[in-house]
Amino acid sequence: MSKALVIGNWKMNLDHVEAVHLTQQIAALLASRPADRVDVVLAPPFVDLRSVTSVLEAEHSVITAAAQHASDRDNGAFTGEVSVSMLKRLGVSSVIVGHSERRTLYHMDDALVASTVRAVVRGGLDAVLCIGENLATREAQEHDDFVRQQLLSALEGVQESNERVTVAYEPIWAIGTGQTATTEQIRDMMSTIRTQLSALRFSTSRVLYGGSVNAENAATIVTDGGVDGFLVGGASLKTDSFAAIIGACNDCYAERR
Ligand code: PEP
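Here the structure is a predicted model, which is why all the values come from computation and not from measurement.

What to know about the packing of helix α1 (residues 16–32) against helix α2 (residues 49–58)
Step number 1: As a packed pair, α1 and α2 sit with axes 9 Å apart at the nearest point and diverge in direction by 30°. With respect to each other, α1 and α2 are oriented roughly parallel. In the crossing of α1 with α2, the sense of the turn from one axis to the other is right-handed. Seen from α1, the contacting residues are H16, A19, V20, T23 and Q24; seen from α2, they are S51, V52, V55 and L56.
Step number 2: Partitioned by chemical class, the residues of the contact of α1 with α2 number 5 nonpolar, 4 polar and no charged.

And the structure:
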């Protein structure tokens with residue numbers, strides 16, 4: 001894969017006015033300092049999506065927009081849900097599926113993650129499939145098996161070699177905690193995930209890391225962790241830190257081990 005990928009997951013932060021400001025700032029920065037080796041994606045809350053895609057279109061920006069979640073259903077009586085076709089119509093290009101906050105706080109189980117991945121790719125958008133173990137699983141040394149099983153389950157029924165699938169490895173104990181996985185842990189997990197992806201015939205998928213990535217640690221994780229980019233939470237809410245992460249990816253991706 002020739003380009004890295006950096007996604008900013010804003011979670012439930014920034015209303016549509018604040019979202020417009022941040023999008024304008026990031027788009028302007030990227031226009032003045034292009035990062036040709038990185039695809040950049042912003043994932044705002046649902047209610048901000050149209051404002052964000054309008055800014056990106058008006059600025060002719062290379063940045064694209066992602067939703068943080070989508071329904072696995074096409075349409076109908078599913079109060080509060082948003083379908084993939086609605087997102088596509090808004091100019092959204094990808095959907096984060098199975099973020100650990102959705103899995104743990106909103107009971108999104110493996111079967112629902114799998115049917116949502118299928119709905120996203122069937123609808124013609126890119127799926128960013130989130131996987132990762134909690135602390136107890138890591139301490140029990142069961143993280144490799146756990147993650148292999150998550151991949152097997154989530155990709156069931158998705159056409160092999162589907163280039164619409166990206167995987168984000170996000171150990172739950174590293175998300176929003178300031179405790180980043182070590183580069184050795186990340187590198188080992190990248191190898192586990194890539195081996196499983198190739199067994200499942202998804203070897204073209206990019207594999208990202210997420211979990212307390214910031215302006216200071218991004219370059220080392222790209223170079224020594226062997227990742228194809230990042231899913232960034234907290235540090236994506238500030239132009240400077242997000243731009244620094246994109247810059248680190250742009251500079252180090254070709255040299256990664
Ligand atoms: C995330 O929410 O996907 C994430 C990785 O958050 P943070 O960067 O804040 O740990």
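Picking up where we left off.
A short note on the site of the ligand
Step number 1: In the vicinity of the ligand, 14 residues are found, and the nearest of them are K11, E170, G176, S212 and G233.
Step number 2: Side-chain polar atom of K11 to an oxygen atom of the ligand: 2.6 Å apart, as the coordinates give it.
Step number 3: Take G176: an N or O atom from its main chain is 2.6 Å from an oxygen atom of the ligand.
Step number 4: The fraction of the free accessible surface of the ligand (290 Å²) that becomes covered by protein chains is 95%.
Step number 5: Class assignment of the residues belonging to the shell around the ligand gives a composition of 4 nonpolar, 8 polar and 2 charged.

Regarding unusual backbone geometry
Step number 1: In the Ramachandran plot, L14 falls in the positive-phi region, its phi being about 75° despite a non-glycine side chain.
Step number 2: The exposure class assigned to L14 is partly exposed, which follows from its relative accessible area of 24%.
Step number 3: Phi at R201 is positive, roughly 65°, even though this residue is not glycine.
Step number 4: Tracing the chain through its elements places R201 in the loop between α8 (183–199) and β7 (207–209).

Reading the values: rules and limits
- Residues numbered from 1 in each chain as written.
- Predicted model: local features only at pLDDT ≥ 70, side-chain atom pairs only at ≥ 80, totals over all residues.
- Heavy atoms only, no water.
- Axes fitted to C-alpha atoms, helices over the stretch in contact; angles between N-to-C directions.
- Helix = DSSP H or I, 4+ residues; strand = E, 2+ residues; numbered from the N terminus.
- Parallel < 35°, antiparallel > 145°, perpendicular 65-115°, else oblique.
- Left-handed = near helix turned anticlockwise from the far one by under 90°.
- Contact = heavy atoms within 4.5 Å.
- Nonpolar A, V, L, I, M, F, W, Y, C, P; charged D, E, K, R; others polar.
- Near = heavy atom within 4 Å.
- Polar contact = N/O pair within 3.5 Å; in protein donor to acceptor, adjacent residues only side chain to side chain.
- Areas by Shrake-Rupley, 256 points an atom, 1.4 Å probe, with all protein chains shown as cover.
- Buried < 20%, exposed > 50% of the residue type's maximum accessible area, 1.4 Å probe, protein only.

Remember, this is a structural readout, not a statement about activity or role.
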